[in-house]
Amino acid sequence: MEGLPAVLALRASLLAERPPGVDELVPAARTLLVRYDPSVTGHDDVRRTLAERAAGLAAGDVARPPGRLDTLTVPVRYDGPDLAEVAALTGLSAAEVVARHTAPLYTVAFAGFAPGFGYLTGTDPVLHVPRRAEPRTAVPAGSVAVAGGYTGVYPRSSPGGWRLLGTTDAPLWDTDRDPPALLVPGRTVRFTAIGVGATA
């Protein structure tokens, strides 16, 4: 596909009016995985439907599935080890980085890398900084980070190369919850600064 906006627009269209037999839609940066029940429909029918839907979408069509999830507010203590470095890379003060990071309404575009890790779009273009040259072997759970054009929150401790701005105690992954992840595709997210170090 042409890119993430086209993927999200097609997914939203299919969720709003789901074709017969289509039971799962999994977005990624440039692709959309479509699972279907072969007892209800076939590959040719699904492919034809997808092509028709994609051709009928205009640039800027809404990417959020209608009426699915409330906006999730994530409280963040902006005390991350890379906050000063991101400020230096962008020419902003640490407080300005925090202000720019908390201003947008983000959308979870797709999930990947690790269970519960959502790739959030909407990051201020000034904060589009590259990944670290050397990834960390262990990023603490709850770390709020940026890389490229995305913002993300590490739901559990794992290796990672994104730049860490802060931390949250929000329970983003819970195996006893359905679904276990809070950051699911289509959900909108706001970050709010809290606590000591919130404006560094």
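Predicted, not measured: the structure shown is a model, and the values here were computed from it. (Residues numbered from 1 in each chain as written. Predicted model: local features only at pLDDT ≥ 70, side-chain atom pairs only at ≥ 80, totals over all residues. Heavy atoms only, no water.)

Caption draft 1: Local environment of the side chain of T90. Checked against the element boundaries, T90 lands in helix α3 (residues 83-90). Of the polar contacts made by the side chain of T90, one reaches the backbone oxygen of V86; its length is 2.8 Å. Within the structure, T90 has its side chain in polar contact with the backbone oxygen of A87 (distance 3.2 Å). Aside from chain neighbours lying at most four places away, what touches T90 is V97, V126, L127 and V129. (Helix = DSSP H or I, 4+ residues; strand = E, 2+ residues; numbered from the N terminus. Polar contact = N/O pair within 3.5 Å; in protein donor to acceptor, adjacent residues only side chain to side chain. Contact = heavy atoms within 4.5 Å.)

Caption draft 2: Main features of the packing of aromatic side chains. In total, this model carries eight aromatic pairs according to the counting rule given. Aromatic side chains F110 and Y119 sit 4.6 Å apart centroid to centroid with 15° between the ring planes, which places their arrangement in the stacked category. Residue F110 is classed as buried on the basis of its relative accessible area of 8%. The buried category is assigned to Y119, whose relative accessible area is 17%. Centre to centre, the rings of Y119 and W162 are 5.6 Å apart; their planes meet at 70°, and the pair counts as edge-to-face. Residue Y119 is located in strand β5 (residues 118-121), and its partner W162 is located in the loop between β9 (158-160) and β10 (163-167); the two are separated by 43 residues in the primary sequence. (Phe/Tyr/Trp six-rings, centres within 6.5 Å; stacked < 30°, edge-to-face > 60°. Buried < 20%, exposed > 50% of the residue type's maximum accessible area, 1.4 Å probe, protein only.)

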